[in-house]
Protein chains: 2
Amino acid sequence: MTTIQDVARKAHVGVATVSRVLNESGYVKAETRERILDAIRELNYTPNAVARNLYHRKTGIVALIVPEISHPYFAEFIDAAEAVLYGCGYQCMICNTKREQNYEAYYLDLLKQQRVDGIITGVHTLDIEQYRQIDRPIVALDRQLGSHIPCVAVNHEEGGRMAAEALIRSGCRKVLQVTGQSHVSTPSNRRHEVFEQVIRESGGECINYLSKWNRFSYSYHREAALEIAENYPDIDGFFSTDVITAAVLHAMKEKGRRCPEDFSAVAYDGTFVSRLPYPELTTIVQPISELAETCVDLLMKQIRGDVLSETNIRLNVIYRQGATTA
Amino acid sequence: MTTIQDVARKAHVGVATVSRVLNESGYVKAETRERILDAIRELNYTPNAVARNLYHRKTGIVALIVPEISHPYFAEFIDAAEAVLYGCGYQCMICNTKREQNYEAYYLDLLKQQRVDGIITGVHTLDIEQYRQIDRPIVALDRQLGSHIPCVAVNHEEGGRMAAEALIRSGCRKVLQVTGQSHVSTPSNRRHEVFEQVIRESGGECINYLSKWNRFSYSYHREAALEIAENYPDIDGFFSTDVITAAVLHAMKEKGRRCPEDFSAVAYDGTFVSRLPYPELTTIVQPISELAETCVDLLMKQIRGDVLSETNIRLNVIYRQGATTA
């Protein structure tokens with residue numbers, strides 16, 4: 001395995017200089033710095049994160065807390081976040097909260113006990129008060145945990161508007177959207193408000209079908225899809241996440257309702273699941289890799305003790321035309 | 001938060017007795033033990049894993065190494081393994097190897113340095129020799145890493161046979177299967193050998209389409225599916241994983257080839273993806289939760305220093321009839 005000594009030798013510098021570059025501490029001439037980075041790349045050197053973290057009195061571990069690892073949105077987020085964290089010399093601890101409510105408290109405890117250096121959480125079941133008591137690095141993905149905790153999300157207002165406009169362009173007059181629980185404080189609730197508003201302004205009807213709180217398993221989504229197909233066979237437009245939309249297309253087909261002939265559909269998230277159904281889903285894409293990069297970036301700044309200039313980040317969504325809308 | 005003192009009070013015993021039950025050390029009367037377990041359940045008590053692991057001189061961390069976190073098979077495996085590990089008082093570290101070859105070596109180093117207590121790996125890019133040098137807890141998921149490392153997999157021979165027989169029952173005479181690289185030592189190669197053999201014995205033709213090594217991303221699967229639909233439009237049977245089969249159904253439809261009218265298909269894995277396409281896929285289901293439980297069980301035994309009576313575990317697959325075969 002390549003060592004820091006190998007890098008130093010190749011770059012014709014001392015180990016201390018390589019260390020300064022790796023730790024971003026102390027002055028290194030730009031030219032020397034470049035030579036060291038070239039050597040790192042050529043030798044495919046992985047800095048010894050453990051040693052580096054010991055030096056900095058850190059664990060080198062970041063915890064990612066999500067409601068369900070196997071939900072495609074969270075799976076793609078973890079996939080991307082793990083890669084960025086690895087690049088920063090951090091290992092990634094993973095926590096599912098779907099089974100037990102006290103998971104979240106348990107991981108906050110790990111953070112308090114300094115067993116992990118920071119937390120990125122896509123979950124929100126505890127009181128905001130419990131977060132307020134912690135003065136350690138936390139970043140929230142698409143959750144509002146109080147003004148002192150940075151929140152990274154997409155521009156859901158824009159996403160809701162794009163979805164509504166796609167259905168209106170397809171001539172929809174009676175649409176159904178699957179909404180989350182409004183008592184969970186998440187920026188994503190805004191997409192449903194804007195969606196409903198834009199549909200109503202166009203003179204259309206908007207039915208809000210309430211999804212059960214924090215339920216992300218496919219068997220639940222499938223059950224919900226069957227219920228929607230059974231109770232609302234006459235809708236001409238549908239809006240939900242990739243997975244639920246795919247399940248609804250399936251359930252509707254079993255009722256003889258074809259998409260896009262009999263109804264149009266717009267999905268949200270843009271995971272690989274939006275590409276699986278036939279026809280392929282029109283989707284509002286969340287830039288999941290950028291969400292992960294931004295979360296890690298804000299967490300690293302907190303770990304380094306930097307002051308955050310912005311704590312409410314909103315990334316743009318992308319409209320991707322599929323074959324489920326006109 | 002509930003403490004061990006609360007549990008002791010409720011069960012009318014001392015803290016040391018609760019501790020003996022939690023640590024499975026020392027004698028506790030069956031009746032007392034039951035009372036303590038009841039109290040733990042009623043109070044929803046989470047044992048302080050950190051304290052317990054410090055006591056046992058462990059890190060309390062297990063690393064899961066997979067080629068791609070967001071592939072549904074691995075995502076569902078991680079989801080299940082994390083839950084079982086949590087139940088054993090362990091946190092779960094997660095490692096993607098898709099981006100860099102030296103990831104695997106890096107995590108083996110963490111194990112050697114006792115920064116993690118054990119590894120469950122679904123990856124195999126290093127020489128077996130590198131594994132032979134490590135006398136620490138490792139379990140392999142569906143990979144052969146040498147006789148000293150336990151391997152947990154399904155009975156792939158049976159899976160390959162079931163898939164072939166389903167296609168033969170559907171009248172297929174010219175089938176295509178997507179195979180992995182034969183130089184990767186994995187029990188799952190056996191399913192392709194048996195599949196081909198059973199098809200040939202029935203008088204049918206079997207085309208083996210070679211999948212690129214360790215490629216698990218959907219964009220690659222989609223590309224492969226388009227290539228298959230383009231070059232083999234006249235096959236009447238298809239066999240691959242859930243994700244690839246779903247992608248092939250899609251690509252074939254664009255060529256005007258319908259399933260099951262024009263060709264039959266059997267998928268492998270049984271993740272939620274097998275339920276998304278219309279028609280729903282006939283699938284050979286891997287019991288992913290049981291695979292995870294078995295891996296964790298074998299790892300815990302190694303961590304405790306138990307001698308393993310069996311190191312080659314094969315779980316049964318399940319045939320699930322969908323609408324893509326007769």
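Residues numbered from 1 in each chain as written. Chains lettered and ligands numbered in written order. Predicted model: local features only at pLDDT ≥ 70, side-chain atom pairs only at ≥ 80, totals over all residues.

**Student:** Describe the overall build of chain A, and please don't skip the residues or the numbers.
**Tutor:** When helices and strands are counted, chain A shows twelve helices and twelve strands. With the C-alpha coordinates aligned to their principal axes, the bounding extent of chain A is approximately 75 × 40 × 35 Å. For chain A, with 326 residues in total, the buried portion stands at 49%. Counting only contacts in chain A whose residues sit at least 6 apart along the sequence, the fraction spanning at least 24 positions is 69%. (Helix = DSSP H or I, 4+ residues; strand = E, 2+ residues; numbered from the N terminus. Buried ≥ 20, exposed ≤ 12 C-beta atoms within 10 Å, placed from the backbone. Contact = placed C-beta atoms within 7 Å.)

**Student:** So what's going on with the relation of the copies chain A and chain B? Residues and values would help.
**Tutor:** The transform that puts chain A on chain B rotates by 180° and translates by 0.0 Å along the axis, for an RMSD of 0.1 Å. Between the two chains, the operation in question is that of a two-fold axis. Measuring from the rotation axis to each C-alpha of chain A, the shortest distance belongs to A:M93, at 2.1 Å. A share of 100% of interface residues in chain A that are also interface residues in chain B marks the association as one of identical surfaces. (Least-squares fit on C-alpha atoms with pLDDT ≥ 70 in both.)

**Student:** Can you tell me about the confidence of the model for chain A, naming the residues and giving the values?
**Tutor:** When pLDDT drops low, the exact placement of atoms in the prediction is not to be read closely. Confidence in the prediction of chain A, expressed as mean pLDDT, is 87, and 90% of residues score 70 or more. The ipTM assigned to the predicted complex is 0.81, against a pTM of 0.83. (pLDDT = per-residue confidence, 0-100.)

**Student:** Explain the sheet that holds strand 7 (residues 205-210) of chain B to me, using residue names and the numbers behind them.
**Tutor:** Residues and elements named next belong to chain B. Taken in spatial order, the six strands of this open sheet run 7-6-8-9-10-12, and their pairing is mixed. Whereas interior strands pair on both sides, the edge strands pair on one side only; in this sheet they are strand 7 and strand 12 (318-320). Here the average twist between neighbouring strands, direction ignored, is 20°. Pairing of strand 6 (residues 174-179) with strand 8 (residues 237-241) involves three bridges; the strand directions are parallel. Pairing of L176 across the sheet is with F238, part of strand 8. In this fold helix 11 (residues 242-254) packs onto strand 6, strand 8, strand 9 (264-269) and strand 10 (282-285), with an angle of close to 140° to the strand it touches most, strand 8. (Pairing = 2+ DSSP bridges. Axes fitted to C-alpha atoms, helices over the stretch in contact; angles between N-to-C directions.)

**Student:** Outline helix 11 (residues 242-254) of chain A, listing residues and values.
**Tutor:** Residue and element names in this part refer to chain A. With 13 residues, helix 11 ought to run about 18 Å at 1.5 Å a step, and its terminal C-alpha atoms sit 19 Å apart, in line with that. Taken across its 13 residues, helix 11 has eleven buried, putting it largely inside the fold. Burial in helix 11 covers these residues: D242, V243, I244, T245, A246, A247, V248, L249, H250, A251 and M252. Next to the buried residues of helix 11 lie helix 5 (72-87), strand 6 (174-179), helix 10 (218-231), strand 8 (237-241), strand 9 (264-269) and strand 10 (282-285). Following helix 11 by one or two positions, G256 adopts a phi angle in the positive range, close to 80°. (Expected span 1.5 Å × (residues − 1).)

**Student:** Lay out the interface of chain A and chain B with the relevant residues and their values.
**Tutor:** Taken together, the 36 residues of chain A in the interface contact 36 residues of chain B. Looking at the side of chain A that touches chain B, the elements with two or more residues in it are helix 5, strand 2 (91-96), helix 6 (103-112), helix 10 and helix 11 of chain A. With seven residues, the top contributor of residues to the side of chain A that touches chain B is helix 5 of chain A. By residue class, the composition of the side of chain A that touches chain B is 19 nonpolar, eight polar and nine charged. One ladder, built from three bridges, connects strand 2 of chain A with strand 2 (residues 91-96) of chain B; its direction is antiparallel. Pairing of A:M93 across the sheet is with B:M93, part of strand 2 of chain B. (Nonpolar A, V, L, I, M, F, W, Y, C, P; charged D, E, K, R; others polar.)

**Student:** Account for the environment of A:G204, naming residues and giving values.
**Tutor:** Residue and element names in this part refer to chain A. In this fold, G204 is placed in the loop between helix 9 (189-201) and strand 7 (205-210). Using a count of 19 C-beta atoms within 10 Å as the deciding quantity, one classes G204 as partly exposed. When the C-alpha atoms of G204 and Q177 are compared, they prove to be 13 Å apart, with 27 residues separating the residues in sequence. Sequence-distant contacts of G204, that is, excluding residues within four places in its chain, are made with I168, C172, R173, K174, V175 and I199.

**Student:** So, helix 10 of chain A: which residues are in play, and what are the values?
**Tutor:** All names here are of chain A. If you check helix 10, its first and last C-alpha atoms are 20 Å apart, about what 14 residues at 1.5 Å a residue would give, namely 20 Å. If you check which residues of helix 10 are buried, you get Y218, H221, R222, A224, A225, I228 and A229. An end-on view of helix 10 places all buried positions within 160° of arc, on one side of the element. Within helix 10, the exposed residues directed more than 90 degrees away from the buried face are S219, E227, E230 and N231. Contacts made by the buried residues of helix 10 are with strand 6, strand 7 and helix 11. (Arc of directions from axis to C-beta.)

**Student:** Lay out the environment of A:A39 in plain terms, naming residues and giving numbers.
**Tutor:** All names here are of chain A. Within the secondary structure, A39 is located in helix 3 (residues 30-43). Look at A39 and you get buried, because 21 C-beta atoms sit within 10 Å. In this view, A39 contacts V7, K10 and A11; residues no more than four positions away in its chain are not counted.

**Student:** Go over the sheet that holds strand 10 of chain A, please, and point to the residues and values.
**Tutor:** Residue and element names in this part refer to chain A. If you walk across this open sheet you meet the six strands as 7-6-8-9-10-12, and the pairing is mixed. The open sheet has two free edges, formed respectively by strand 7 and strand 12 (318-320), since each of these has just one partner strand. Mean inter-strand twist for the sheet, computed between neighbouring axes without regard to direction, equals 20°. Along the sheet, helix 11 makes contact with strand 6, strand 8, strand 9 and strand 10, crossing strand 8 at roughly 140°.

**Student:** Account for the environment of B:I313, with residues named and values stated.
**Tutor:** Residue and element names in this part refer to chain B. As for its position among the elements, I313 is in strand 11 (residues 312-315). For I313, a count of 18 C-beta atoms within 10 Å gives the class partly exposed. With residues near it in sequence (within four places) discarded, I313 still touches V152 and T294.

**Student:** Before we move on, could you go through the domain arrangement of chain A and cite the residues and values that matter?
**Tutor:** Residue and element names in this part refer to chain A. Looking at chain A, the domain boundaries give domain 1 (4-47), domain 2 (61-154 + 289-315) and domain 3 (156-287). A separation of 28 Å is found between the C-alpha centroids of domain 2 and domain 3. Contact residues are listed per partner, giving 18 residues for domain 2 and 18 residues for domain 3. Where the side of domain 2 that touches domain 3 is concerned, the elements lending two or more residues are helix 5, strand 5 (151-154) and helix 12 (288-304). (Domains from an automatic or database assignment.)

**Student:** Run through unusual backbone geometry, naming residues and quoting values.
**Tutor:** Residue and element names in this part refer to chain B. Note that the residue after C259, namely P260, is joined by a cis bond; omega there is 5°. The topology assignment puts P260 in the loop between helix 11 and strand 9. Cis geometry is found at the peptide bond from Y278 to P279, where omega equals 0°. Despite not being glycine, D269 has its phi angle at roughly 125°, a positive value. On the secondary structure map, D269 appears in strand 9.

**Student:** Which residues make up the nonpolar core, and what are the values?
**Tutor:** Grouped together as the largest cluster of nonpolar side chains are 181 residues, with contacts concentrated most on A:A81 and B:A81. Each residue touching A:A81, except ones within four places of it in the same chain, is listed here: A:L64, A:C92, A:I120, A:A292, A:C295 and A:V296. In this structure, B:V7, B:V13, B:V18 and B:A39 belong to the second largest nonpolar core, which totals ten residues. (Core = buried A, V, L, I, M, F, W, Y, C linked by C-beta atoms within 7 Å.)

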